[in-house]
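Chain and residue survey
Chain by chain, the residues run as shown.
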Amino acid sequence: MDARARRSRESLRRAVIALSGRMPIATVTASAICLEAGVTRDTFYRHAANPEDLLADALSAEIDEIMARLPDVDAIGDAERALLTHVLACADVYRGAMNPILAAPVRAVIEGSIRSGLLVWAELHPHIVPVDIAGDASAMRIAVSYAAAGTVGAIEEWVRSGDSDVESAVRMILAASPEWWLR
């Protein structure tokens, strides 16, 4: 991607985050995003099909940065804390993406990022994987999908509750997680 396209993408990402923090994403229009970002509709549609997809892309970029730090953390709770700190910082955006659950594109990218992160965690710590899952790629995908979907559901409920206690949310999510992820 050339420098101009990168600048446009970043402007669009900032705009959709700003707008969806002030109003539900379902009411955000491509025109409003273009006005906020200072780009044309043609530029918008070169980067996204709709505001929900653009929001998903913007949040995914932030979550992927968090997941990229997994090799540097000592415990999965540290990664969970970083993820929830991001969610808290963008709580209005996440609330605006819920009606009553996260918009499908947003939910999909969060689940995908968490799935990828959990696979990395399992690769970094193969000793934690139960014998009946180890070596079975299908079983691992099922276990990771289950954990990622549950984490997203917990995040939705936490955001919906208005609670801002990251440590409490980390404890609750880890308490509900399969024990083997925590070893």
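Anything mentioned here points back to the structure above.
For clarity, every value in this text was computed on a predicted model and none was experimentally measured. As a convention, each chain's residues are numbered from 1 in the sequence order in which they are written. In view of the model being predicted, local features appear only for residues whose pLDDT reaches at least 70, and side-chain atom pairs are presented and counted only at 80 or more, with totals across whole chains, interfaces and linings using the full set of residues. Water and hydrogen atoms play no part in the side-chain values, which are based on all heavy atoms of the structure.

**Considerations on the nonpolar core**
Residues belong to one nonpolar core when they are buried, are Ala, Val, Leu, Ile, Met, Phe, Trp, Tyr or Cys, and are joined through side-chain atoms within 4.5 Å. Partly exposed describes any residue whose relative accessible area lies between the buried limit of under 20% and the exposed limit of over 50%, with all areas from a 1.4 Å probe on protein chains only and scaled to the type maximum. Membership of the largest hydrophobic core comes to 62 residues, with the highest contact counts inside it found for Ile33, Leu55, Tyr94, Val106 and Trp181. Helix and strand definitions here come from DSSP, where helices need a minimum of 4 consecutive H or I residues and strands a minimum of 2 consecutive E residues; each element is numbered from the N-terminal end. Elements with a minimum of two residues in this core: helix H1 (3–20), helix H2 (30–37), helix H4 (51–67), helix H5 (76–89), helix H6 (91–96), helix H7 (104–124), helix H8 (137–161) and helix H9 (166–176). Broken down by element, this core gets its largest block of residues, ten residues, from H8. For isoleucine 33, the contacting residues outside a window of four places in its chain are Leu12, Ala15, Val16, Leu19, Val28, Phe44, Pro51 and Leu54. The criterion used for residue contact is that any of the two residues' heavy atoms lie within 4.5 Å.

**Description of unusual backbone geometry**
A cis geometry characterises the amide bond from asparagine 99 onward to proline 100, with omega recorded as -5°. Examined against the element boundaries, proline 100 turns out to sit in the loop between H6 and H7.

**What about the pattern of salt bridges?**
Salt bridge criterion: a side-chain nitrogen from Lys or Arg within 4 Å of a carboxyl oxygen from Asp or Glu. Using the criterion set out here, one finds eleven salt bridges in the structure. Taking the shortest distance from any N to any O, the salt bridge between arginine 13 and aspartate 57 comes out at 2.8 Å. Taken together, the residues arginine 13 in helix H1 and aspartate 57 in helix H4 connect sequence positions 44 residues apart. With a relative accessible area of 16%, arginine 13 lands in the buried category. On the accessibility criterion, aspartate 57 (24% relative accessible area) is partly exposed.

Function cannot be inferred from these measures alone, as they are strictly geometric.
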